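Listed here are the chains, written in short residue letters.
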Amino acid sequence: KANKLKSNDPFIIDSLGWALFKLERYKESKNYLQLALRLMPADPIVNDHYGDVLWKNGNEIQARYYWNYVLNLEKAEDELKKVIEENKIVLFMKGTKEMPVCGFSKTVVSVLDHYGVDFHDVNILGHEDMRPALAELSGWPTFPQLFVNGKLLGGCDITVEMHENGQLLDALDV
């Protein structure tokens, strides 16, 4: 049904391309995402999706171009490194610690609140270029991401596991 409505609507075309990507139909996905990219060349989400499909189609160099230059990932990575270096505990999350908008983010906030630690939160939803840059920097594709003393601890599952087995308290160094 969405395919019939697409008629050069870049948002529908991008959504169709991303749906095909999620179904692992990468060649078909690439065709839709190329069209979406032509219609919205400056949109960071379309560029991110296109970089992902290039990667899956074996075009790693082109994918890195889209991620690094079109999305300004180098600049974003520098900013992320600065945030990580300047804060002992950083949680990159969906939403804020006062208002998480994702259950996984909310869980990590609750665990950190349990220990009463002060942490810096960064809402990745407010910075579209941040998600691919942080995934590239950390080597971890999902969010939230918890950093302590400049090192990635992990996401929600690892944080909860470390909390349950007593390792998190030591890692937080509180």
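This report concerns the structure included in the present document. Only a predicted model underlies this, so the values are computations on that prediction, with no experimental measurement involved.

Turning our attention to the overall build of the protein chain. Along the backbone of the protein chain there are 10 helices and four strands. Start at the N end of the protein chain and walk to the C end: the helices and strands fall as α-α-α-α-α-α-β-α-β-α-β-β-α-α. With the principal axes as the frame, the protein chain shows a C-alpha extent of 55 × 35 × 25 Å. Across the 174 residues in the protein chain, those meeting the buried criterion constitute 40%. Put simply, 52% of the contacts in the protein chain that link residues at least 6 apart link residues at least 24 apart. Accessible area of the protein chain: about 9900 Å², with a carbon and sulfur share of 51%. In the protein chain, 19 positive and 26 negative side-chain charges are present, and the distance between their average locations comes to 9 Å.

The next subject is the side chain of Ser105. Structurally, Ser105 can be placed in helix α7 (residues 103–115). In this structure the side chain of Ser105 is engaged in a polar contact, spanning 3.1 Å, whose partner is the backbone nitrogen of Lys94.

A word on the packing of helix α2 (residues 10–22) against helix α3 (residues 26–39). One can describe the packing of α2 onto α3 by two numbers: an axis separation of 8 Å at closest approach and a directional angle of 160°. In terms of axis orientation, α2 runs roughly antiparallel to α3. Of the two possible hands of crossing, α2 and α3 adopt the one that is left-handed. Contacts between α2 and α3 pair Pro10, Ile13, Asp14, Leu16, Gly17, Trp18, Leu20 and Phe21 from the former with Tyr26, Glu28, Ser29, Tyr32, Leu33, Leu35, Ala36 and Leu39 from the latter.

A word on the pairing of strand β4 (residues 151–154). Strand direction decides the pairing type here: strand β3 (residues 145–148) and β4, joined by three bridges, are antiparallel. In the strand pairing of β4, Val148 is matched with Lys151. Hairpin connection between β3 and β4: a loop of two residues separates the two successive antiparallel strands, and Asn149 in this loop has a positive phi of roughly 50°.

What follows concerns helix α6 (residues 73–86). Between its terminal C-alpha atoms α6 stretches 20 Å, which fits the 20 Å expected from 14 residues at 1.5 Å a residue. Listing the buried residues of α6 in full gives Leu73, Ala76, Glu77, Leu80 and Ile84. Down the axis of α6, the sector holding all buried residues measures 100°, keeping them to one side. Facing away from the buried side of α6, by more than 90 degrees, are the exposed residues Lys75, Glu85 and Glu86.

Attention now goes to the packing of aromatic side chains. Given two aromatic rings, their pairing is described by the distance between the two centres and the angle made by the two planes. Scanning the model with the defined rule gives three aromatic pairs in all. Relative to Phe147, the ring of Phe92 lies with its centre 5.6 Å away and its plane at 85°, an arrangement referred to as edge-to-face. With Phe92 in strand β1 (residues 89–93) and Phe147 in strand β3, the pair connects residues that are 55 residues apart, well separated along the chain. Assessed through its relative accessible area of 5%, Phe147 is described here as buried. Three or more aromatic residues joined by ring pairs make a cluster, and in this case those are Trp18, Phe21 and Tyr26. Over the aromatic face of Phe119 sits the side chain of Lys97, whose NZ or CZ is 4.5 Å from the ring centroid.

Turning to the packing of α7 against helix α9 (residues 156–164), a few remarks are in order. Look at α7 against α9: their axes get within 9 Å of each other, and the N-to-C directions meet at 30°. Classified by the angle between their axes, α7 and α9 sit roughly parallel to one another. Crossing angle aside, the handedness with which α7 passes α9 is left-handed. From α7, Phe104, Thr107, Val108, Val111, His114 and Tyr115 reach across to α9, where they touch Cys156, Thr159, Val160 and His163. Its residues assigned to classes, the contact of α7 with α9 shows six nonpolar, four polar and no charged.

Each value, and the rule that gives it
- Per chain, the residues get numbers from 1 upward, laid out in the order the sequence is written.
- Where local features are concerned, this predicted model is filtered to residues with pLDDT of at least 70; where side-chain atom pairs are given and counted, the filter is 80 or more; whole-chain, interface and lining totals use all residues.
- In computing side-chain values, all of the structure's heavy atoms are included and hydrogens and water are not.
- The way it works is that DSSP assigns letters per residue, a run of H or I at least four long becomes a helix, a run of E at least two long becomes a strand, and they are numbered from the N terminus.
- For the exposure calls, accessible area comes from a 1.4 Å probe over protein chains only, and a residue counts as buried if that area is under 20% of its type's maximum, exposed if over 50%, partly exposed in between.
- Contacts are assigned to residue pairs with any non-hydrogen atoms lying within 4.5 Å of each other.
- To measure how exposed things are, a 1.4 Å probe is used in the Shrake-Rupley method; for residues, cover is taken only from the protein chains shown.
- Neither His nor the chain termini are counted; the positive set is Lys and Arg, and the negative set is Asp and Glu.
- Note on charges: their place is set at NZ of Lys, CZ of Arg, CG of Asp or CD of Glu.
- Under the rule applied, a polar contact is a pair of N or O atoms within 3.5 Å (in protein, one hydrogen donor and one hydrogen acceptor; residues adjacent in sequence only if both atoms are side-chain atoms).
- Note on geometry: axes are lines fitted to C-alpha atoms, helical ones only across the stretch in contact, with angles between N-to-C directions running from 0 to 180 degrees.
- Small angles under 35 degrees read as roughly parallel and large ones over 145 as roughly antiparallel, with 65 to 115 read as roughly perpendicular and the rest as oblique.
- In this scheme the crossing of two helices becomes right-handed for a clockwise turn of the near helix relative to the far one and left-handed for an anticlockwise turn of less than a right angle.
- Pairs of strands are assigned from DSSP output, requiring at least two bridges between the strands.
- Residue count minus one, scaled by 1.5 Å, sets the expected span of a helix.
- Our arc is simply the arc of the directions from the helix axis toward the C-beta atoms.
- Ring pairs are drawn from Phe, Tyr and Trp, using the six-membered ring of Trp, whenever the two centres fall within 6.5 Å, and their geometry is named by plane angle: stacked under 30 degrees, edge-to-face over 60, tilted for the rest.
- In this scheme, the term charge over a ring applies when either NZ of a lysine or CZ of an arginine sits within 6 Å of the ring centre and within 35 degrees of the ring normal.
- Charged residues are taken to be Asp, Glu, Lys and Arg, nonpolar residues to be Ala, Val, Leu, Ile, Met, Phe, Trp, Tyr, Cys and Pro, and polar residues to be all remaining types, Gly included.

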